[in-house]
Amino acid sequence: MSLTRVSHFAGADKLRAALLPGAFIGVAAAAMAMARTWAPEQVELALYDVRAAASAARRPASGEVVLVAVDEDTVRLAGGVHPLPRGALAAVVEEARRAGARVIAVDYILQDPLEGALASENAELERALAGGDVVLAVALPPAAATGRAEGAPDPMAAEVRRLHARSLGGTARPERFTLSPPLSRFALPAAALGGVSQQGAQNGRIYALRHLYPTAEGDYLSLPLAVAWLAKGRPPLVLEQGGLRLGDMAIPFGQSGLVHVRWYGAHDGRSGALSTYPELSAATLLRARLAREGAAAPLPPAALEPLRGRIAVVCPTLAGTKDKQPTPANAAAVGAEVVANAIDNFLRGEFVWRLPPWGEAAVALGLSLASAAVVALASARVARPWAAVALSAVGAGALLAGWWYFSMAALVRGVWLPAFTPILGGLLSSFAADLRLFALERRDRRFVHDALGRYTSPALVRTLLAHRELLDRLGGTRQDLTVHFSDIRGFTSFAEHMNPERMVEFLNVYLSTLTEIIERHGGYVDKYIGDAIMSVWGAPVPAVDHALRACAAALQMRDRVEALRPAWQARYGCEIFIGAGINTGPMVAGNVGSRRKTNYTVLGDSVNLASRLEGANKVYGTAILLGEGTYRAAREGIAARSIDALQVKGRKQGALVYELVGLAGELSAPEEERLARWEQAVAAYRRGRFAEALQGFEEVLRLAPQDGPAVLYATRCRDLLVEPPPPGWDGVHVLHDK
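The shown structure was predicted, so the numbers you read here are calculated from the model rather than taken from an experiment.

Let us look at helix H10 (residues 282-292). Within H10, eight of the 11 residues are buried, which leaves it mostly tucked inside the rest of the structure. Buried-residue contacts for H10 involve strand S1 (65-70), helix H4 (72-77), helix H5 (86-98) and strand S12 (279-281). Downstream of H10 by a residue or two, glycine 294 has a phi angle that is positive, lying close to 80°.

Pasting the structure below:
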């Protein structure tokens, strides 16, 4: 893998890296979706409730179904008895028929023979049910383990089963139920029987209904299906693979033969409003009967108009009844509202189809992988890790929010798409992909930093990793910086006699030692030129005190070489002395080269002067020479002495040059005295008082016999005393060599 790919690996690499955790989490989410275990299913149902309520609010309840509510007013009018006396129930059914109801569903299970005084009312109800338009509720509990169907002890029970059980064909079904029929005197005149044995979900709400009850003697319809069958004119009913056909309408069966209910209408939240469907109190029908018998005032003509041409569902809504069946659209719903919604589904041909477990698993896996891919795309577009994390979070959030709103829109069209497992998988997948990419990026950056740091400065590497755009930008900016040059005195001569492998070994040790010092003081190595080192302070990492840092590093390099000189001489057979030139001033820092290969470096006259100062050490016998810019910038923190006004090759004007002796406050008293005498002697020299200057330089040599600049200046003074300089002499020394 190339360093370019390592430092910022391509989008395909990021995609592969992100998809790995996405695939693992996606498979886990798919397995959860397939299993539909208790906890995930409860969360899915809770999320479905939100979407179902929103979907129901967009689709109003049909005006085809009216709930005839047996409420408190009805019970009071019927003598305060509940269950409603059968005579009163008969009156309600007959008056609903008179009001124009086309089908009447009686959501009461009539199994009590009512012996005694009330038994006479059975005949009234029997006559009311015989109109050919009544569907009577029946109980159809699951069959006993023996599979034996046991009905009420009624001699006509077999006739009831023969009349109402149907053979719908289709494949054999293992589930079995037992008809617990109402009294045969009520079941036989009814147009149809409808099962009401339903079971809610684990959270107590109704989501799906069973519409076929297979028994030993045939199939029974549910109450909603029987009502719809009757309302549609008794079309053929055929059981097919995966569903039921009612005439030309296909009814999809879900898991375990259940059909998910499509909910209608927005519940207004009022405690007294038990349904999203229109309600008519059964008391109104009783008053209509009393009015016809002359026992009450006639009702307004519009009082019973809601029943004309409608389907009437007679049901108890008393607060004390136990027929509470909360739905996603209405937490206060009664069982009759569930029946009304299901009837509406059949009338409109609208149902809810939930994806099978394998379909939900595929969605969970797909959305997990898509979330990981979004993270990879975001990471490929943004270089900074934290910015990539933020962008990927926004992208993954938008994707998952989009899926949520898409699932809401799908439910409006009758498709239940999963929400919990795909969104959970997507969240975890994006988080895991972010973590993996972030870890790989950090590992990547660490590798690049360590690898490129061997070829250039770690400071430069850090800057380029933080600002990758600099890699594609040629040119530079003008800045005040400090540049440092150093090399080994006489290296060429003893390198000629050194074994090449031995020479490379020595250079690696030498350059590593000095480079460590440079970087410790905040500089960066621009380049190695054989034994020479070019280093810069102030760029690419800004530093206000770059001149002082460079001086401190040069002094430490000088001292370190002096300390290692004996060991190096013993190991490599060469005595090492170094010289350094430092200058501070305006220069251009930036990328120089071509589009294929660039070098971050500094250019300018100030750089050239530093290089010349490094070579000038051989003339003056010094170790570290400073340009005037460095001296001015760092003078408060260093101890230095003025050396000369020097005109180096390539420059037309002289520049003041200083020797760096040490850091401020670190010199001993004799050294301080020597520097003071030196400055006095140099001042006399520049004023042309060569005899006085010679005496001062000789005093310096008495204190330090090996002082190179003092030896040089003493020689100059003697020569100038013999041959005085021409008029206008300015003391500038012209350096002809590099």
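Val106 and Leu307 are the most contacted members of the largest nonpolar core, which totals 44 residues. When residues in this core are grouped by element, the largest group, seven residues, is from H5. Those residues in contact with valine 106 that sit more than four places away from it in its chain are Leu89, Val93, Leu129, Val134, Val135, Leu136, Ala137 and Val314.

This part covers the packing of helix H9 (residues 223-231) against helix H11 (residues 335-348). Any two packed helices are characterised by the angle at which their axes cross and by the distance between the axes. Between H9 and H11, the shortest axis-to-axis distance is 8 Å and the interhelical angle comes to 40°. The angle between H9 and H11 falls in the class oblique. For the pair H9 and H11, the sense of crossing is right-handed. Where H9 abuts H11, its residues Leu223, Pro224, Leu225, Val227, Ala228 and Ala231 lie against Val339, Ala342, Ile343, Phe346 and Leu347. Split by residue class, the contact of H9 with H11 holds 11 nonpolar, no polar and no charged.

What follows deals with the sheet that holds strand S2 (residues 103-106). The parallel open sheet is built from six strands, whose spatial order is S4-S3-S2-S13-S1-S12. The open sheet terminates on both sides in strands that have one partner only, identified here as strand S4 (192-195) and S12. This sheet shows a mean twist of 25° between the axes of neighbouring strands, independent of strand direction. Inspection of the sheet shows strand S3 (residues 134-138) paired to S4 by four bridges, in the parallel sense.

Attention now moves to the confidence of the model for the protein. Detailed conclusions should not be drawn from predicted coordinates in areas where pLDDT is low. Mean pLDDT for the protein: 84, with 87% of residues reaching 70 or above. Ranking the elements of the protein by mean pLDDT puts helix H1 (residues 3-7) last with 38 and S2 first with 96. Confidence drops under pLDDT 50 across residues 1-9; counting only partners more than four residues distant or on other chains, this segment forms 27 contacts. With pLDDT under 50 throughout, residues 145-152 is counted as low confidence; its partners more than four residues away or in other chains account for 10 contacts.

This part covers helix H3 (residues 38-58). For H3, built from 21 residues, the straight-helix expectation of 30 Å at 1.5 Å per residue is met to within 8% by its first-to-last C-alpha distance of 30 Å. When H3 is considered as a whole, its buried residues turn out to be Pro40, Glu41, Gln42, Glu44, Leu45, Tyr48, Asp49, Arg51, Ala52, Ser55 and Ala56.

Below, the discussion takes up the packing of aromatic side chains. On inspection of all chains with the given rule, the structure shows 18 aromatic pairs. Ring geometry for tyrosine 48 and tyrosine 207: centres 5.8 Å apart, planes at 55°, overall tilted. Separated by 159 residues along the polypeptide, tyrosine 48 in helix H3 and tyrosine 207 in the loop between S4 and strand S5 (208-210) bring together distant segments of the chain. Residue tyrosine 48 is classed as buried on the basis of its relative accessible area of 1%. The class for tyrosine 207 is buried, based on a relative accessible area of 5%. Seen in terms of ring centroids, phenylalanine 506 and tryptophan 568 are 5.7 Å apart; in terms of plane orientation they differ by 90°. Their pairing is edge-to-face.

It is the contact of helix H22 (residues 690-703) with helix H23 (residues 708-722), at a shortest axis distance of 9 Å, that shows an interaxial angle of 155°. Considering their axes alone, H22 and H23 lie roughly antiparallel with respect to each other. Every pair of crossing elements has a handedness; the one defined by H22 and H23 is left-handed. Of the residues in H23, those touching H22 at Phe690, Ala691, Ala693, Leu694, Phe697, Glu698, Val700 and Leu701 are Ala710, Val711, Tyr713, Ala714, Cys717, Arg718, Leu720 and Leu721. The class makeup of the residues in the contact of H22 with H23 is 14 nonpolar, no polar and two charged.

Now for the sheet that holds strand S9 (residues 243-246). Ordered by their spatial adjacency, three strands build an open sheet running S8-S9-S10, and the pairing between neighbours is antiparallel. For this open sheet the edge positions go to strand S8 (237-240) and strand S10 (249-252), each flanked by a neighbour on one side alone. Sheet twist, expressed as the average angle between the axes of neighbouring strands with direction ignored, equals 25°. Relative to the sheet, H9 contacts S8, S9 and S10, its axis offset from that of S9 by approximately 25°.

Turning our attention to unusual backbone geometry. With an omega of 10°, the peptide bond running from histidine 82 to proline 83 counts as cis. Residue placement: proline 83 occurs in the loop between H4 and H5. Residue alanine 539 is joined to proline 540 through a cis peptide bond whose omega torsion reads 0°. Of note, the phi angle at arginine 36 is positive, near 50°, even though the residue is not glycine. Relative to the assigned elements, arginine 36 resides in the loop between helix H2 (11-35) and H3. A positive phi angle, near 60°, is found at arginine 234, a position not held by glycine. Judged by relative accessible area, arginine 234 falls into the partly exposed class, the value being 43%.

Let's shift gears to the pattern of salt bridges. Within the structure shown, the criterion is met by 39 salt bridges. Where glutamate 94 meets arginine 289, a salt bridge forms, and the shortest distance between an N and an O atom there is 2.3 Å. One end of the pair, glutamate 94, is in helix H5; the other, arginine 289, is in helix H10, and 195 residues separate them in sequence. The partly exposed category is assigned to glutamate 94, whose relative accessible area is 24%. Residue classification places arginine 289 among the buried residues on the basis of a relative accessible area of 14%. Here glutamate 699 makes a salt bridge to arginine 702, at a shortest N to O gap of 2.2 Å. Pair noted here: glutamate 699 and arginine 702 are both in helix H22, with a separation of three residues, about one helical turn.

Cut-offs used in this document
- Residues numbered from 1 in each chain as written.
- Predicted model: local features only at pLDDT ≥ 70, side-chain atom pairs only at ≥ 80, totals over all residues.
- Heavy atoms only, no water.
- Buried < 20%, exposed > 50% of the residue type's maximum accessible area, 1.4 Å probe, protein only.
- Helix = DSSP H or I, 4+ residues; strand = E, 2+ residues; numbered from the N terminus.
- Contact = heavy atoms within 4.5 Å.
- Core = buried A, V, L, I, M, F, W, Y, C linked by side-chain atoms within 4.5 Å.
- Axes fitted to C-alpha atoms, helices over the stretch in contact; angles between N-to-C directions.
- Parallel < 35°, antiparallel > 145°, perpendicular 65-115°, else oblique.
- Left-handed = near helix turned anticlockwise from the far one by under 90°.
- Nonpolar A, V, L, I, M, F, W, Y, C, P; charged D, E, K, R; others polar.
- Pairing = 2+ DSSP bridges.
- pLDDT = per-residue confidence, 0-100.
- Expected span 1.5 Å × (residues − 1).
- Phe/Tyr/Trp six-rings, centres within 6.5 Å; stacked < 30°, edge-to-face > 60°.
- Salt bridge = Lys/Arg side-chain N within 4 Å of Asp/Glu carboxyl O.

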